[in-house]
Amino acid sequence: MRTSQVLTGLALAAQALGHGYVYRVTADETVYPGWDIFLDPRYKPAPARIAYGGGNTGPVTKIDSKAMACNSVHKPAPGDIAEVRAGSNVTFAWSHWLYSHKGPITAWMAPYEGDIANVDVNELEFVKFAEDTINKNGVWSTVRMMDDTDGTWTAQIPADIKPGNYVIRQEIIALHFALRAPPAFEGFELGPQFYMTCFNFKVTGDGTATPPGVKFPGGYKADEAGFKFDVYANATSYPYVGPEVYRSEKQVVLEPKGRVVVSPTGGNETQDEAYYLAQYEALRRQGEITSYFDSIGG
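Residues numbered from 1 in each chain as written. Predicted model: local features only at pLDDT ≥ 70, side-chain atom pairs only at ≥ 80, totals over all residues. Heavy atoms only, no water.

Here we look at the pattern of salt bridges
Then, in step 1: This model, assessed by the stated rule, comprises 14 salt bridges.
Then, in step 2: Measuring nitrogen to oxygen at the nearest pair gives 2.7 Å for the salt bridge that ties Arg169 to Glu171.
Then, in step 3: Arg284 is the salt-bridge partner of Glu288, the closest N and O atoms lying 2.5 Å from each other. Of the two residues, Glu288 and Arg284 both sit in helix 3 (residues 269-295), four residues apart, roughly one turn of that helix.
Then, in step 4: The exposure class assigned to Arg284 is partly exposed, which follows from its relative accessible area of 35%.
Then, in step 5: Salt bridges sharing common partners tie together Glu281, Arg284, Arg285 and Glu288. (Salt bridge = Lys/Arg side-chain N within 4 Å of Asp/Glu carboxyl O. Helix = DSSP H or I, 4+ residues; strand = E, 2+ residues; numbered from the N terminus. Buried < 20%, exposed > 50% of the residue type's maximum accessible area, 1.4 Å probe, protein only.)

Quick look at the environment of Ala48
Then, in step 1: One can find Ala48 in the loop between strand 2 (30-33) and strand 3 (82-85).
Then, in step 2: Classification of Ala48 as partly exposed rests on a relative accessible area of 47%.
Then, in step 3: Taking the C-alpha atoms as reference points, Ala48 and Glu249, 201 residues apart in sequence, are found 35 Å from one another.
Then, in step 4: What Ala48 contacts, discounting residues up to four positions off in sequence, is Gly79 and Asp80. (Contact = heavy atoms within 4.5 Å.)

A look at the packing of aromatic side chains
Then, in step 1: For the structure shown, the criterion picks out 20 aromatic pairs.
Then, in step 2: Between Tyr21 and Phe38, the aromatic rings sit 5.5 Å apart at their centres with planes inclined by 75°, giving edge-to-face as the arrangement. Here Tyr21, found in the loop between helix 1 (3-18) and strand 1 (22-27), pairs with Phe38, found in the loop between strand 2 and strand 3; they are 17 residues apart in sequence, far enough to count as distant.
Then, in step 3: On the basis of relative accessibility, which here comes to 4%, the residue Tyr21 falls in the buried class.
Then, in step 4: Taking the relative accessible area as the measure of exposure, Phe38 reaches 26% and is therefore partly exposed.
Then, in step 5: An aromatic cluster is defined as three or more aromatic residues linked by ring pairs; in this entry it consists of Trp108, Phe126, Phe194, Phe216, Tyr220 and Phe227.
Then, in step 6: Above the ring of Phe216, the side-chain terminus of Arg169 is found at 3.9 Å from the ring centroid. (Phe/Tyr/Trp six-rings, centres within 6.5 Å; stacked < 30°, edge-to-face > 60°. Lys NZ or Arg CZ within 6 Å of the ring centre and 35° of its normal.)

A short note on the state of the cysteines
Then, in step 1: Taken as a whole, this structure holds one disulfide when the rule is applied.
Then, in step 2: Each sulfur in the disulfide pair Cys70 and Cys198 lies 2.0 Å from the other. Given an S-S torsion of about -85°, the disulfide between Cys70 and Cys198 has left-handed geometry. Here Cys198 lies in strand 9 (residues 193-204) and Cys70 lies in the loop between strand 2 and strand 3, a separation of 128 residues in the sequence. (Disulfide = S-S within 2.5 Å.)

Comments concerning the sheet that holds strand 6 (residues 127-132)
Then, in step 1: Read from one edge to the other, the open sheet built from five strands follows the order 3-9-8-5-6, with strand pairing classed as mixed. Two strands close off the open sheet at either side, each with one partner strand: strand 3 and strand 6. Taking each pair of neighbouring strands and ignoring which way they run, the sheet shows an average axis angle of 35°.
Then, in step 2: Strand direction decides the pairing type here: strand 3 and strand 9, joined by four bridges, are parallel. Bridge assignment links Val84 to a residue of strand 9, and that residue is Val203.
Then, in step 3: Sheet strands touched by helix 2 (residues 141-148): strand 5 (105-112), strand 6 and strand 8 (164-174). Its angle to strand 5, the strand with the most contacts, is close to 100°. (Pairing = 2+ DSSP bridges. Axes fitted to C-alpha atoms, helices over the stretch in contact; angles between N-to-C directions.)

Here we look at the nonpolar core
Then, in step 1: Core analysis: the biggest nonpolar cluster contains 38 residues, and Val25, Phe92, Ile157 and Phe201 have the highest contact counts within it.
Then, in step 2: Setting aside residues up to four positions removed in sequence, Phe92 forms contacts with Val22, Arg24, Val25, Gly151, Thr152, Trp153, Ile168, Gln170 and Phe199.
Then, in step 3: Counting residues in hydrophobic clusters, the runner-up holds 32 residues, among them Trp108, Tyr112, Leu124 and Ala178. (Core = buried A, V, L, I, M, F, W, Y, C linked by side-chain atoms within 4.5 Å.)

Observations concerning helix 2
Then, in step 1: Among the eight residues that make up helix 2, six are buried, leaving the element largely enclosed by the rest of the structure.
Then, in step 2: If you check which residues of helix 2 are buried, you get Ser141, Thr142, Val143, Arg144, Met145 and Met146.
Then, in step 3: Buried-residue contacts for helix 2 involve strand 4 (89-94), strand 5, strand 6, strand 7 (152-156) and strand 8.

Here we look at the confidence of the model for the protein chain
Then, in step 1: Here the protein chain shows a mean pLDDT of 91. Residues at 70 or above account for 93%.
Then, in step 2: When the criterion is pLDDT under 50, residues 1-14 qualifies, and its contacts beyond four places in sequence or with other chains add up to seven contacts. (pLDDT = per-residue confidence, 0-100.)

Some words on the sheet that holds strand 10 (residues 260-261)
The strands that make up a sheet pair up through hydrogen bonds in the backbone, lying either parallel or antiparallel.
Then, in step 1: Pairing in this open sheet of five strands is mixed, and the strands run 7-4-1-2-10 from one edge to the other. The strands lining the two open edges of the sheet, one partner per strand, are strand 7 and strand 10.
Then, in step 2: Taken together, the five bridges between strand 1 and strand 4 define a ladder with antiparallel strand orientation. Counted as the bridge partner of Arg24 is Ala93 from strand 4.

What about the environment of Pro211?
Then, in step 1: Relative to the assigned elements, Pro211 resides in the loop between strand 9 and strand 10.
Then, in step 2: Residues Pro211 and Ala110, spaced 101 residues apart in sequence, show a C-alpha to C-alpha distance of 9.8 Å.
Then, in step 3: With near-sequence residues (within four places) excluded, Pro211 lies in contact with Val127, Ile161 and Tyr246.

So, in structure tokens, the structure goes:
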């Protein structure tokens, strides 16, 4: 077998494991475990999480795919719900993200009724309420997430949003293959790559806003300029994709809250400590894989 074939095979194998995932969410000062794709599938029954389970680190690449809503695998449904006040912050903690995978970071929310287990995520209407792209210095949000905020990204729940239950969709769009692939990845499918996870939230407050949303697939159009964007061109602006960000018509001042940490195991401190140690090791290994990809430009 030729060396190029071996390298391509290794790259394909590592790519399946090398991308990031949300392993923790801090919602209005309560810290929830995300769905840890390496640890949580081992638990029988599945642990109660605010995140949809079963996800993977691979991208969604078909913009007309049903996977555009909440990833290609989004079971089990959340067994927990994060309660937040309208106007509060939600911080998503990602495992090590590839520096080469530059692109926008977004957050969306869609109201739902009834049991979350019965919700069809492709019928939900998502409102984009937060977005971060490239700054005036040409530094992408994904790079700033890694360098400035220790792998975390924060969005604010609109202060005027109507209270109720919502599915929150948090997404990174990687544009490194939008127009061309690095030499080590020649032959890979070109186009944007979408990485998303959905979460179960209950929003409280006295807001009345019910902004219109979009369904996925359908929230994006394949011919949008932001999907044909050259991330290697040292740009300092970006044309955005999808609908505009919804901006709250009011602001609120919230009373401070003490921090609460939700147990990842539902057990005792010894069980939680063992889980955190295993998670640390999984994050370390995943970081090594992403560092490898960074070293070959992919």
